[in-house]
Structures are given as structure tokens and as C-alpha cells.
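Breakdown of the fold
Given next are the chains, with one letter for each unit.
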Amino acid sequence: MTERGRFVTFEGIDGAGKSSHIEWFADLLRKQGRKVSVTREPGGTELAEAIREWLLNRPMSMRTEALLAFAARQDHLERVIRPALDSGVWVICDRFTDSTVAYQGGGRGIPLTDIETLERWVHPDLQPDRSFLFDLDPVIAAERRRAARAADRFEAEQQAFFVRVRDAYLARAAGSGSRFRVIDSAKSIDDIRKILELDISSS
Ligand code: TYD
């Protein structure tokens, strides 16, 4: 029987720097002989990428945001994530449900119990095996974002929004047993890569 792949997610506020480590991390795993698939949320399928365009760019209520995030996730899980894990492929996903908890829950103010209801509906039996939370002071993250390209609906939010998103992430991490590794994103790229490498070789 094929050994199931592992599900690893990267999380953090916009500007925390997670994206610069994902491909490096996937290559590290490949060098260790694993089959790896890199994907992202919202997105990862044709339908979910179309939903991403709406979510990031069109005005909508916070409930619509949460429902669209989970609609995209359902499609992504059915077509990409579950089949890959079942066939022994490691799935590295840029954001997953912790982003909905942090952004729509913490940031927008949707009650966590409502998000948990959607979570139980869409993936009652599946959680990431490891979630790396790139944690950074929202003031520093805002400076990093300013240096980047044009902002989408979330990136254009005020600092107070990102303070709430960060707090929601940290609360989720604290309440999720050993699933999370919280990484201080103010560290150098080399130091962060050492942490990622050590974590994955020791688990
Ligand atoms: P991100 O993945 O950081 O991509 P990029 O680096 O190209 O901007 O951006 C996706 C945005 O979507 C991010 O601001 C967080 C937001 N988001 C939610 O609000 N809820 C969700 O459930 C997910 C997955 C993302």
C-alpha cells in the first residue's frame, strides 16, 4: 500500500514573507526523494483560481468572502489535495483554512464558531500535518508590502486589520496542539530555512 503523503501549509499576514520559502522548501523535500506538489489557496484548480480573482478584487460582504473561500477549498480538496495525498505525494499549500480563521474571522469579524461549522462540513477528517506560521509585526509587514506590487483588497487593508489577523493566527496556533510551528519572520532568510529544514527532518 502507498504511504499517504503529508500535508504542509504556509500561513501568515501579507508581507510576512512565507512565499519566498515555499519553492525552496519543496525542493528540499524533492532532494530527500519525496514526491511533492506545490499549490495555493484560494486557488489550485481552474474553478478555485477563478474564485480567487473575485475574492481578491471584487467588493463583497464578509460572509460571501468566507463562503467563497470554502467553495474554492472544496474544489481544491476534491480535485487536487486529497488525490495527491492518497497517492503518496506531499502537498505544500500556500494558505489553507487557518487563513479563513485569521482573515474572515479575526480580520473581518465572522464568529469563529461559524467558520468552524464550514470547516467541519468541508474537511471534517483532514487537517494539515504541519503548519508553518510566519509571524511578523504588522508595521514591518506593511513596509515590506509597500515595496511590492499593486495591492489587492486584503493587502490594501489598514494596519488594525492585520493586527487582528495576526492575533487570530496566534490564537489558532495556540489552540491547535502541536500542528503549528510559529516562525519569527524578522529572522534572516538563512535562519528561517535552517528552522524549516530542522523541523522537517526531525518529524
Ligand atoms: P496570498 O496568498 O498572500 O497571495 P499573494 O502573495 O499573491 O498576494 O494572497 C491571498 C489573499 O487572500 C491574502 O491576502 C489572504 C486572503 N485569504 C483570505 O482572506 N481568506 C482565505 O481563506 C484565504 C485562503 C486567503
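Because the structure is predicted, anything quoted here is derived from the model rather than measured. Within any chain, residue numbers begin from 1 and follow the written order of that chain's sequence. Given that the model is predicted, a residue must reach a pLDDT of at least 70 before its local features are reported, and side-chain atom pairs must reach 80 or more before they are shown or counted; all residues, however, enter totals for whole chains, interfaces and linings. Derived side-chain values reflect all non-hydrogen atoms in the structure, with water molecules and hydrogen atoms excluded from consideration.

So, the overall build of the protein
- Counting from the N terminus, the helices are the DSSP runs of H or I reaching at least four residues and the strands are the DSSP runs of E reaching at least two. Scanning the protein from terminus to terminus reveals eight helices and five strands.
- Ordered by position from the N terminus, the helices and strands of the protein form the series β-α-β-α-α-β-α-α-β-α-α-β-α.
- By the compact-globule yardstick of 17 Å for 203 residues, the protein fits well, its C-alpha radius of gyration being 16 Å.
- Classification of residues uses two cut-offs on accessible area relative to the type maximum, computed with a 1.4 Å probe and protein chains only: under 20% is buried, over 50% is exposed, and between them is partly exposed. The buried share among the 203 residues of the protein stands at 49%. Radius of gyration here uses only the C-alpha atoms, and the compact-globule reference equals 2.2 Å multiplied by the residue count raised to the power 0.38.

Brief notes about the packing of helix α4 (residues 97-108) against helix α5 (residues 112-122)
- In this analysis, axes come from line fits to C-alpha atoms, helices being fitted only over the stretch in contact, and the angle between any two N-to-C directions falls in the range 0 to 180 degrees. As a packed pair, α4 and α5 sit with axes 10 Å apart at the nearest point and diverge in direction by 155 degrees. Judged by the inter-axis angle, α4 sits roughly antiparallel to α5. In this structure, α4 crosses over α5, and the sense of that crossing is right-handed. Here Thr97, Thr100, Val101, Gln104 and Gly105 of α4 lie close against α5, whose contacting residues are Leu112, Ile115 and Glu119. By definition in this entry, angles of less than 35 degrees are roughly parallel, angles greater than 145 are roughly antiparallel, angles of 65 to 115 are roughly perpendicular, and the rest are oblique. Helix crossings fall into two classes, left-handed where the near helix is turned counterclockwise from the far one by less than a right angle and right-handed where it is turned clockwise. Here a residue-residue contact requires only that any non-hydrogen atoms of the pair lie within 4.5 Å.

Some details on the sheet that holds strand β1 (residues 7-12)
- In this scheme, strands are said to pair when DSSP sees at least two bridges between them. With respect to topology, five strands assemble into an open sheet ordered β2-β3-β1-β4-β5, the strand pairing being parallel. Two strands in the sheet have a free side with no partner beyond their single neighbour: β2 (36-40) and β5 (180-184). Between one strand and the next, the sheet's axes are offset by a mean angle of 20 degrees, whatever the strand orientation.
- Across five bridges, strand β4 (residues 130-135) lies against β5 in parallel orientation. In the strand pairing of β5, Phe134 is matched with Ile183.
- Against the sheet, helix α3 (residues 62-86) engages β1, β2 and β3 (90-94), with an angle of about 140 degrees to β3.

With respect to the nonpolar core
- In this structure, Phe10, Phe25 and Tyr103 are the most contacted members of the largest nonpolar core, which totals 38 residues.
- Per-element accounting of this core gives the leading share, six residues, to helix α7 (residues 159-174).
- Non-local contacts of Tyr103, meaning those with residues more than four positions away in its chain, are made with Gly12, Ile13, Asp14, Arg95, Arg108, Phe154, Phe161, Phe162, Val165 and Tyr169. Grouping buried Ala, Val, Leu, Ile, Met, Phe, Trp, Tyr and Cys residues that are joined through side-chain atoms within 4.5 Å yields what is termed a nonpolar core.

Quick word on the site of the ligand
- Near is defined per residue: the residue qualifies when any heavy atom it owns lies within 4 Å of the molecule or strand. For the ligand, the set of nearby residues contains 17 residues, the closest of which are Asp14, Arg95, Thr100, Gln104 and Glu155.
- Taking Asp14, its side chain carries an N or O atom lying 3.0 Å from an oxygen atom of the ligand.
- Two N or O atoms form a polar contact when they lie within 3.5 Å of each other; inside protein one atom must be a possible hydrogen donor and the other a possible acceptor, and for residues adjacent in sequence the pair counts only when both atoms belong to side chains. Measuring from an oxygen atom of the ligand, one finds a side-chain N or O atom of Arg52 at 3.1 Å.
- The Shrake-Rupley method, run with a 1.4 Å probe sphere, supplies the accessible areas, and residue values consider only the shown protein chains as cover. In the complex, the protein chains occlude 90% of the 550 Å² of accessible area that the ligand would expose alone.
- Listed by contribution, the elements that provide at least two residues to the shell around the ligand are α2 (46-57), α3 and α4.
- If one sorts the elements of the shell around the ligand by residue count, α4 sits on top with four residues.
- Gly counts as polar in this scheme, as do all residues outside two lists: the nonpolar Ala, Val, Leu, Ile, Met, Phe, Trp, Tyr, Cys and Pro, and the charged Asp, Glu, Lys and Arg. Looking at the shell around the ligand residue by residue, the class counts come to five nonpolar, three polar and nine charged.

Observations concerning the environment of Glu143
- By the secondary structure assignment, Glu143 is in helix α6 (residues 138-146).
- Glu143 sits 128 residues away from Gly15 along the chain, and the two C-alpha atoms are 8.0 Å apart.

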